[in-house]
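# A structural walkthrough
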Amino acid sequence: MIALEVKNLTVRLVNNPIIQNLNFKIKEGSITVIIGPNGAGKTTLLKTIIGLLPYQGEIKILDGEHKSMLSSIGYVPQVYTVDNFLPITVKEFLYLSIIDDKNFNDKIDDVNKYVSIAHLYDKKLNQLSGGQLERVLFARSLLNNPKILILDEPISETDISGQEEFYVVLKKLNQEKNITILIVTHELSLIDNFASHVLCLNHRMICDLPAKELKGDVLKKLYNKDLFVYPFNNKK
Amino acid sequence: MALILAKALIITLWLSVVFAIFGIFVIIKRMAFFSDGIAHAAVLGLAIGFTMGLSNNIIIIILESIIFAILIFLLEKNTKINPDALVSIIFVISLSFGLIILSSQKGYQPELINFIIGNPLVMSNFDFYFILIFCLLTLIFIIFNFKKILLVILDPTEARLININSYTYELVFYIFLALSVVLGIKIGGVMLITSFLILPPTIASFIAKSLQDLISKSIIIAVVSVIVGYMLAYLYNFPVSASIILFSSIIFILMFFNKYLSNYK
């Protein structure tokens, strides 16, 4: 089954085309990484998929109509601005996002099995470190049992051990719950052993291929320079 | 006299509870100027009521506030004009129009002074029951929708993803807020009504340990301020609304220094 299908997608911001005529399909249960230089339209693409931006073309989620299927998506934003006035605790913050209130405790316990946040429940959101906030946002995206998880540079402020843990959890969620994952990241070294598919974006699609087939020449075309990133620079 | 005082106290307490909760949303969404604008724009409704010779102009003022709330909401969503500029333009147009109409009226208009500084002691039976029912309906609306309104205000993207109709909730919130503000003019007047919204939640935020704590402390601070304000007004013959705001302002200053000085220790 196809989890996400994008046909002839064009997105304009203030009349500037940020994304032009994009076409791709993402299989259910796959892990797809989107890469591309800054300003290539990666975040714009994710925001369009989650229904925040107007577009031309067609987007289908799980073979259904775009807007009606949005609740099957869990989303982790690139940036989240915490309101310093509001003394909301992590547990209260998570409670806001739950669709079915009755099973709230069961759901956060279930999420906590994957993303350990129980020690943060009573902490105020405005007192968390950047890495802790990213962990909470990741946990929040799992609360309503999403079928598709969309993550926009979700661990830019997380330390190295946290980053490793994050990718292990993501893989586990993919394998145990069959969640389709679409992630924007600049960490190219992860693609080889983490992702099943890679999309290279620079306003238009530069590549759409299995992760194992990503090679140095594609990266050179995408970033306009030679990149010495293991293992791609060794692949011919 | 005792009955008038009791009715005024009941209404002020009910409205202050509504404001203590609405104020949380107003601060997060930075809508203090919206509240101020709606209050000032109500002068037009008052002027139209005078011109039509109505003994009670509350209905005109309510209709006007609903129209302005919807207008500001729609312009905010569909134009690129800064929301503050938008509120400011609508508020000065209606205020100046209202002042011109009022200047053409002959004679002393005592209701105008009450409208500017507020006086809960001057209230008809109709106003009393109308505001009471409105407060009850508003509290029911807040109790059943608090989570959704807060999420729409705090994180519209997440609200959209979990199928909350942000557009409708935000519009309904604008209307309820505008209605609360214009009805609150009876107690706080055009000049002071925004303070009823802003002060209790701001003071509570200095000491609250959670969102739930913020709501309960904001309500307690609002209720205590009203009771102490009425006592000050009764004992020293001060204007009621000014006494309430002065008392909460003193708590604010004490809390502010306590919080920020303790950070430097």
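Above this text is the structure in question.
It should be emphasised that the depicted structure is a prediction, and the values quoted were computed from it without experimental measurement.

Under the definition given, this model contains 26 aromatic pairs over all chains. Arranged with centres 5.2 Å apart and planes meeting at 75°, the rings of F73(B) and Y174(B) form a pair that is edge-to-face. Of this pair, F73(B) sits in helix 3 (residues 58–78) while Y174(B) sits in helix 8 (residues 166–207), and the two are 101 residues apart along the sequence. Y174(B) shares its class with F73(B); the two are buried. Both rings, one in F256(B) and one in F257(B), keep their centres 5.5 Å apart while their planes meet at 85°; by these two values the pair is edge-to-face. With a relative accessible area of 44%, F257(B) lands in the partly exposed category. In textbook terms, an aromatic cluster arises when at least three aromatic residues are bridged by ring pairs, as seen for F22(B), F25(B), F34(B), F73(B), F146(B), Y167(B), F173(B) and Y174(B). The ring of F128(B) carries the charged tip of K7(B) above its face, separated from the ring centre by 5.3 Å. Its end group placed over the ring of Y95(A), K147(B) keeps NZ or CZ at 4.6 Å from the ring centre.

This part takes up the state of the cysteines. All names here are of chain A. In the structure shown here, the tally under the stated rule is one disulfide over all chains. Here C200 pairs with C207 through a disulfide, and the sulfurs are 1.9 Å apart. Between C200 and C207, the disulfide has an S-S torsion of 50° and is therefore right-handed. Given the relative accessible area of 0%, C200 is considered buried.

If you look at the interface, chain A gives 25 residues, while chain B gives 24 residues. Buried surface at the junction of chain A and chain B, both sides included, amounts to about 2200 Å², of which 63% is carbon and sulfur. Of all residues in chain A, the largest losses of buried area upon contact with chain B belong to F85(A), L86(A) and L96(A), amounting jointly to 30% of the total for that side. Ionic pairing is found between R140(A) and E158(B), a salt bridge with its closest N-O pair at 3.6 Å. For the side of chain A that touches chain B, the elements supplying multiple residues, two or more each, are strand 6 (73–76) and helix 2 (90–97) of chain A. Examining the composition of the side of chain A that touches chain B, we find that four residues originate from one element, helix 2 of chain A, more than from any other. Grouping the amino acids of the side of chain A that touches chain B by side-chain chemistry returns 14 nonpolar, five polar and six charged.

On to the side chain of S65(B), then. Residue and element names in this part refer to chain B. In this fold, S65 is placed in helix 3. Since its relative accessible area comes to 2%, S65 is described here as buried. Other than its neighbours up to four places away in sequence, S65 contacts I38, A178, L179 and V182.

Cut-offs applied
- Residues numbered from 1 in each chain as written.
- Chains lettered and ligands numbered in written order.
- Predicted model: local features only at pLDDT ≥ 70, side-chain atom pairs only at ≥ 80, totals over all residues.
- Heavy atoms only, no water.
- Phe/Tyr/Trp six-rings, centres within 6.5 Å; stacked < 30°, edge-to-face > 60°.
- Helix = DSSP H or I, 4+ residues; strand = E, 2+ residues; numbered from the N terminus.
- Buried < 20%, exposed > 50% of the residue type's maximum accessible area, 1.4 Å probe, protein only.
- Lys NZ or Arg CZ within 6 Å of the ring centre and 35° of its normal.
- Disulfide = S-S within 2.5 Å.
- Contact = heavy atoms within 4.5 Å.
- Buried area = accessible area lost by both parts, 1.4 Å probe.
- Salt bridge = Lys/Arg side-chain N within 4 Å of Asp/Glu carboxyl O.
- Nonpolar A, V, L, I, M, F, W, Y, C, P; charged D, E, K, R; others polar.

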